[in-house]
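# Structure at a glance
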Amino acid sequence: MGRKKRGALRSWLPNQHGAWAMLAVPFAVGVFLGDGPGEGPRWAHLPLFVAWLAGYVTAFHVQQWLRLRRLSRNPRAPRRHVRPAIGSAAVSAVFGVPLLFACPWLLLAAACAAPFVAVNTWYAWRNKERALLNGLAAVVPACGMLLVTLRMGGGELSEGWRPALACLLFFAGTVPYVKTMIRERDSRAYYRASVAYHALAVPVAYALAPWLAVLFAAYLVRAAVLPWKGLRVPVVGAVEVVGAALLLAALLLVFLELAGA
């Protein structure tokens, strides 16, 4: 791939690197937990994943177009988001619309996600994308995809609420924690709030599944200790990728074990 093509690809991909793990982990957990004896349309997980990622790219570029259209004095600034928005929307439609014939209930799932996307769009338009509530709003539909992929694989929604809440517990905690590492690294209020949240998350995780408390205790240690280490942004990102991977492994081990019990 030439330098020009790599540059074009980077212009299409959102620069919110932490979002990719949030998009992938709940999706993958639902796929594996729902892959049971039911006769669900498991072939549909792949096009759903493509439509899901493309939909995220679409929303990102639409939101950036709205933000720059309102704020930028350069009329050309918003235009760079038009082609990625249209292209990714087309990809999402090509892979997603045919799924509606096999799984019309996906329309209900999309309707449930729409208010949270609207909140993210409003914050982008107001140029307040870094707001705490905006980050928390983005977490909810991403974690809700666990229920969608589980149902698509033949699983029962009653089997998915605990792993979905565990995902929500982790990814919601990353929002204040990452702020203490980067944009709010000198804020004592953010640090105390982040540590308090992670401390409360441990007993909640225990209530969902006792073994999860061990993992969330590790997340508490990282929230309490790492903000004072002066880590570079790539290292912060790498730590979060490891944390998300551990969550994926733990949820599969714990809840597949419970399903087989």
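Going by the structure above, here's the rest.
So, here is what we can say about the structure in this document.

Attention now goes to the overall build of the chain. Helix and strand counts for the chain stand at 10 helices and 0 strands. In sequence order, the secondary structure elements of the chain are arranged as α-α-α-α-α-α-α-α-α-α. Taking 18 Å as the expected radius of gyration for a compact globule of 261 residues, we find that the chain reaches 19 Å, a close match to that expectation. On the principal axes, the C-alpha backbone points of the chain span a range of 60 × 50 × 35 Å. By the burial criterion, 39% of the 261 residues in the chain qualify as buried. Pairs at least 24 residues apart make up 75% of the contacts formed inside the chain by residues separated by at least 6 positions.

So, about the pattern of salt bridges. Summed over all chains, the structure comprises 2 salt bridges. A salt bridge links R67 to E129; the nearest nitrogen and oxygen atoms lie 3.4 Å apart. In this pair, R67 is assigned in helix α3 (residues 45–71) and E129 in the loop between α5 (106–125) and α6 (132–152), connecting sequence segments 62 residues apart. A salt bridge links R222 to E240; the nearest nitrogen and oxygen atoms lie 3.0 Å apart. In this pair, R222 is assigned in helix α9 (residues 212–225) and E240 in helix α10 (residues 233–260), connecting sequence segments 18 residues apart.

Burial of nonpolar side chains together is a common tendency in soluble globular proteins. F171, L212, F216, L247 and L251 are the most contacted members of the largest nonpolar core, which has 47 residues in total. Mapped by element, the contributors of at least two residues to this core are α2 (19–33), α3, α6, α7 (161–181), α8 (188–208), α9 and α10. Counting residues per element, this core draws most heavily on α6, at 8 residues. Those residues in contact with L247 that lie beyond four places of it in its chain are V25, A166, C167, F170, F171, L215, F216 and Y219. Among the nonpolar cores identified, the runner-up in size contains 5 residues, and M181, A223, L226 and V236 belong to it.

Moving on: a nonpolar patch on the surface. Together, V91, V94 and F95 make up a nonpolar patch on the protein surface, roughly 250 Å² of accessible area in all. With respect to the element layout, F95 can be found in helix α4 (residues 82–102).

One way to put it is that α3 packs onto α4 with a least axis distance of 7 Å and a crossing angle of 150°. Considering the angle they form, α3 stands roughly antiparallel to α4. Between α3 and α4 lies a crossing whose hand is left-handed. Where α3 abuts α4, its residues P47, L48, V50, A51, A54, G55, V57, T58, H61, V62 and W65 lie against V82, P84, A85, S88, A89, V91, S92, F95, G96 and L99.

Cut-off values and rules
- Residues numbered from 1 in each chain as written.
- Predicted model: local features only at pLDDT ≥ 70, side-chain atom pairs only at ≥ 80, totals over all residues.
- Heavy atoms only, no water.
- Helix = DSSP H or I, 4+ residues; strand = E, 2+ residues; numbered from the N terminus.
- Rg over C-alpha atoms; globule rule 2.2 N^0.38 Å.
- Buried < 20%, exposed > 50% of the residue type's maximum accessible area, 1.4 Å probe, protein only.
- Contact = heavy atoms within 4.5 Å.
- Salt bridge = Lys/Arg side-chain N within 4 Å of Asp/Glu carboxyl O.
- Core = buried A, V, L, I, M, F, W, Y, C linked by side-chain atoms within 4.5 Å.
- Patch = residues over 30% accessible without salt bridge, like charges linked within 9 Å, V, L, I, M, F, W, Y side chains within 5 Å.
- Areas by Shrake-Rupley, 256 points an atom, 1.4 Å probe, with all protein chains shown as cover.
- Axes fitted to C-alpha atoms, helices over the stretch in contact; angles between N-to-C directions.
- Parallel < 35°, antiparallel > 145°, perpendicular 65-115°, else oblique.
- Left-handed = near helix turned anticlockwise from the far one by under 90°.

That's the geometry; what it means functionally is another story.
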